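One letter stands for each residue in the lines below.
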Protein chains: 2
Amino acid sequence: MRMKQITIAGAGTLGSQIAWQAAFCGFEVTVFDVFEEGIERGKKFHESHADHFIKERNASPEEVEKTKARLSYTTNLEDAIKDADLLNESVPEKLEIKKSFYRDVSKLAPKKTIFTTNSSTLIPSQIAEAVDRPDKFLALHFANGIWDSNIGEVMGHPGTDPEIFKQVEEFAKAIGMVPIPIHKEQNGYVFNSLLVPFLNAAIDLVAREVSDPESIDKTWMIGNRSQLGPCAFIDIIGMETAYNVNQMWGEQLQDDHRLALAAYIKENFIDKGKMGVSSGEGFYSYPNPSYKDPGFLIK
Amino acid sequence: MRMKQITIAGAGTLGSQIAWQAAFCGFEVTVFDVFEEGIERGKKFHESHADHFIKERNASPEEVEKTKARLSYTTNLEDAIKDADLLNESVPEKLEIKKSFYRDVSKLAPKKTIFTTNSSTLIPSQIAEAVDRPDKFLALHFANGIWDSNIGEVMGHPGTDPEIFKQVEEFAKAIGMVPIPIHKEQNGYVFNSLLVPFLNAAIDLVAREVSDPESIDKTWMIGNRSQLGPCAFIDIIGMETAYNVNQMWGEQLQDDHRLALAAYIKENFIDKGKMGVSSGEGFYSYPNPSYKDPGFLIK
């Protein structure tokens with residue numbers, strides 16, 4: 001199957017990135033959001049992506065114009081989905097909202113449409129019962145900043161058709177992602193399964209005053225031959241996410257250690273307005289964090 | 001204090017690297033080992049470091065000759081330590097062996113000598129009682145492959161003199177390491193505190209067949225902007241170490257999950273002679289593992 005027509009549901013940070021990237025790669029993309037304000041926000045994101053692509057990603061003005069021409073926007077789900085080969089959904093991360101969305105879209109989508117969820121915390125099995133075509137339903141999950149972190153994690157549920165799984169891998173490739181096949185359902189997929197214990201180890205070292213963020217990041221950057229240490233990484237994903245992940249799983253698993261890490265982040269960062277890169281301060285100060293200094297690793 | 005004379009106790013893999021590096025950086029280095037065979041092994045390591053420095057680290061034949069001239073070897077501890085400004089100890093990783101070594105060397109070393117341990121699994125407090133100068137005793141810990149992973153983790157115990165701590169940081173810098181100050185005793189220091197949960201998360205994903213080593217490493221290399229994924233890292237440190245860490249802590253903490261990871265490594269790798277880079281096979285095949293292919297991240 002040669003895909004052409006893509007529907008992106010949810011015009012937030014990540015949905016807008018995916019829509020832009022798919023359009024840039026030649027797909028016809030319809031962006032759906034329930035709210036008119038959502039659509040307006042999505043259009044603003046796309047203006048800034050256009051700038052970014054010209055200034056920092058060597059895109060020509062013609063390429064950017066063609067990308068814009070391939071994007072359309074609607075708050076009408078029936079219009080949005082009517083000719084879609086593939087849907088990628090980034091609606092709010094609540095099970096009931098997702099299920100309700102899939103019940104609606106199941107009624108409206110043509111038979112050919114493959115449904116993919118970009119959910120980070122839910123696994124496909126939890127949603128599949130709300131879908132009319134479970135064999136064509138699976139996760140295609142992106143990491144924030146999809147141009148630098150260009151992974152597309154592909155994860156089915158036991159009822160997903162293997163042929164559809166392959167088609168979604170191909171689609172991920174076609175929009176410039178490296179497809180990461182996941183063969184069993186896994187909370188956190190691959191990346192967050194590695195990232196969360198790693199970042200928590202770093203928060204723990206800082207919270208217990210064993211070492212400081214700069215020393216911790218240096219250690220990792222040298223030892224793992226990496227451009228990004230854990231404290232810098234937390235600043236990028238934001239203190240709110242670092243807090244939420246630990247608070248949510250801490251409560252769910254009654255894990256006092258995770259709750260303590262969440263409390264540390266709240267007290268020392270969130271309560272002081274230090275939200276990470278987005279607020280200009282976290283473990284580092286932005287826009288020029290010390291870890292990007294050329295001499296950082298030899299000081 | 002300007003240091004000049006260094007004693008390296010233990011001529012194994014890491015001790016020999018540290019001795020070579022200190023001599024290369026201009027220090028007079030005495031290598032001590034209890035056994036004549038240990039000394040012979042250390043000399044062989046130094047021959048191969050000489051080759052390595054000329055072929056891969058742009059060292060001139062003159063520099064290498066000077067380095068060799070600064071190295072001497074002895075099985076006599078009294079000779080080894082008699083004029084040392086600093087001792088770095090990499091004797092076998094058993095508390096009783098370490099303590100016994102420090103009792104001996106305490107009697108023989110001049111007052112000026114700073115004692116540093118390269119122990120990975122013991123913390124300075126566990127050893128300090130065997131030392132006659134606890135204020136001049138602390139850890140200076142190196143990572144294997146000290147030329148690429150040039151970190152020197154510095155960790156005292158509550159009785160360490162802060163001035164001595166600083167001098168050891170300076171020494172680490174003087175031999176080309178990035179000093180990582182650690183302000184509270186921490187099993188695993190900084191690097192292994194980050195590394196172990198991260199590597200275990202990867203082993204867990206492979207063992208449960210959630211994903212495959214190549215996909216896991218790709219995900220990390222892209223997402224953490226790193227040249228080294230966790231499975232490649234395990235191959236480098238070796239399956240035996242990956243097994244030992246999990247088996248030891250699994251027993252100590254009665255942690256079934258770690259014991260299961262250890263069992264997985266034993267059954268699937270060690271029992272089959274796949275020890276990692278050292279045996280030519282682990283998660284990858286060597287000397288040309290696929291993760292080093294230029295196209296690895298875009299396949």
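If you're wondering where the values come from, they're calculated on a predicted model, not measured in any experiment. (Residues numbered from 1 in each chain as written. Chains lettered and ligands numbered in written order. Predicted model: local features only at pLDDT ≥ 70, side-chain atom pairs only at ≥ 80, totals over all residues. Heavy atoms only, no water.)

A. Representation of the domain arrangement of chain A. Here chain A is described as being made up of domain 1 (5–182) and domain 2 (192–298). A separation of 29 Å is found between the C-alpha centroids of domain 1 of chain A and domain 2 of chain A. (Domains from an automatic or database assignment.)

B. Inspection of the interface of chain B and chain A at higher detail. Taken together, the contacts link 46 residues of chain B with 46 residues of chain A. Carbon and sulfur atoms make up 64% of the area that chain B and chain A hide from each other, which totals about 4,100 Å². Where chain B meets chain A, there are 0 salt bridges. Mapped onto the side of chain B that touches chain A, the elements with two or more residues apiece are strand 7 (151–155), strand 8 (178–182), helix 8 (191–207), helix 9 (213–223) and helix 10 (230–237) of chain B. The element best represented in the side of chain B that touches chain A is helix 8 of chain B, accounting for 9 residues. Residue classes in the side of chain B that touches chain A are distributed as 24 nonpolar, 12 polar and 10 charged. (Contact = heavy atoms within 4.5 Å. Buried area = accessible area lost by both parts, 1.4 Å probe. Salt bridge = Lys/Arg side-chain N within 4 Å of Asp/Glu carboxyl O. Helix = DSSP H or I, 4+ residues; strand = E, 2+ residues; numbered from the N terminus. Nonpolar A, V, L, I, M, F, W, Y, C, P; charged D, E, K, R; others polar.)

C. Just the pattern of salt bridges, in detail. Overall, the coordinates contain 27 salt bridges over all chains when judged by the stated rule. Ionic pairing is found between A:Lys43 and A:Glu40, a salt bridge with its closest N-O pair at 4.0 Å. Of this pair, A:Lys43 and A:Glu40 both sit in helix 2 (residues 36–56), 3 residues apart, roughly one helical turn. Take A:Lys43: its relative accessible area is 33%, and that puts it in the partly exposed class. Salt-bridge contacts for B:Asp204 lead to B:Arg208; the nearest nitrogen and oxygen are separated by 3.1 Å. Each of A:Asp83, A:Asp85 and A:Lys112 takes part in one network of salt bridges that share partners. (Buried < 20%, exposed > 50% of the residue type's maximum accessible area, 1.4 Å probe, protein only.)

D. Representation of unusual backbone geometry in the model. Residue and element names in this part refer to chain A. Here Tyr 286 and Pro 287 are connected by a cis peptide whose omega angle stands at 15°. Inspection of the secondary structure puts Pro 287 in the segment after helix 12 (256–268). Of note in the backbone geometry, Tyr 189 takes a positive phi value of approximately 50° without being a glycine. Note that Tyr 189 resides in the loop between strand 8 (178–182) and helix 8 (191–207). Even without being glycine, Glu 209 reaches a positive phi, approximately 55°. Note that Glu 209 resides in the loop between helix 8 and helix 9 (213–223).

E. The arrangement of the sheet that holds strand 2 (residues 28–32) of chain B in detail. Spatially, the 8 strands line up as an open sheet ordered 3-2-1-4-5-6-7-8 (chain B), and their pairing is mixed. Edge positions in the open sheet fall to strand 3 (71–74) and strand 8 of chain B, since each of these has one partner strand only. Recorded for the sheet is a direction-independent mean angle of 25° between the axes of neighbouring strands. As defined by bridge partners, strand 1 (residues 5–9) of chain B adjoins strand 4 (residues 86–89) of chain B across 4 bridges and the pair is classed as parallel. Considered in strand 4 of chain B, the bridge of B:Ile8 is made with B:Asn88. Relative to strand 8 of chain B, helix 9 of chain A is tilted by about 135°, and along the sheet it contacts strand 7 and strand 8 of chain B. (Pairing = 2+ DSSP bridges. Axes fitted to C-alpha atoms, helices over the stretch in contact; angles between N-to-C directions.)

F. Just the side chain of A:Asp85, in detail. Structurally, the position occupied by A:Asp85 is in the loop between helix 4 (77–81) and strand 4 (86–89). Side-chain polar atoms of A:Asp85 contact the side chain of A:Lys112, separated by 3.1 Å. (Polar contact = N/O pair within 3.5 Å; in protein donor to acceptor, adjacent residues only side chain to side chain.)

G. Geometry of helix 8 of chain B. Residue and element names in this part refer to chain B. Between its first and last C-alpha atoms helix 8 spans 24 Å; for 17 residues at 1.5 Å apiece the expected length is 24 Å, and the two agree. Judged by how many residues are buried, helix 8 sits mostly within the fold: 13 of 17 residues are covered. Directly beyond the C-terminal end of helix 8, a positive phi value near 60° is found at Glu 209. (Expected span 1.5 Å × (residues − 1).)

H. Quick look at helix 12 of chain A. All names here are of chain A. The end-to-end C-alpha separation of helix 12 is 18 Å, in line with the 18 Å expected for 13 residues at 1.5 Å each. Taken as a whole, helix 12 has its buried residues at Leu 261, Ala 262, Tyr 264 and Ile 265. Along the axis of helix 12, the buried residues cluster in a sector spanning 155°; they form a single face. Away from its buried face, by an angle of more than 90 degrees, helix 12 presents the exposed residues Asp 256 and Glu 267. Check the buried side of helix 12 and you find it contacts helix 8 and helix 11 (239–253). (Arc of directions from axis to C-beta.)

I. Seen up close, the relation of the copies chain B and chain A. Mapping chain B onto chain A calls for a screw motion: a turn of 180° about the axis and a shift of 0.0 Å along it, with 0.0 Å RMSD after fitting. The transformation relating the two chain copies, once decomposed into turn and shift, fits a two-fold axis. For chain B, the minimum C-alpha distance to the rotation axis belongs to B:Ser226 and amounts to 1.9 Å. Interface overlap between copies is the fraction of interface residues in one copy that are interface residues in the other; for chain B against chain A it reaches 100%, indicating a shared surface. (Least-squares fit on C-alpha atoms with pLDDT ≥ 70 in both.)

J. View of the side chain of A:Ser215. Along the chain, A:Ser215 falls in helix 9. Leave out the neighbours within four places in its chain, and A:Ser215 touches B:Ile180 and B:Pro181.

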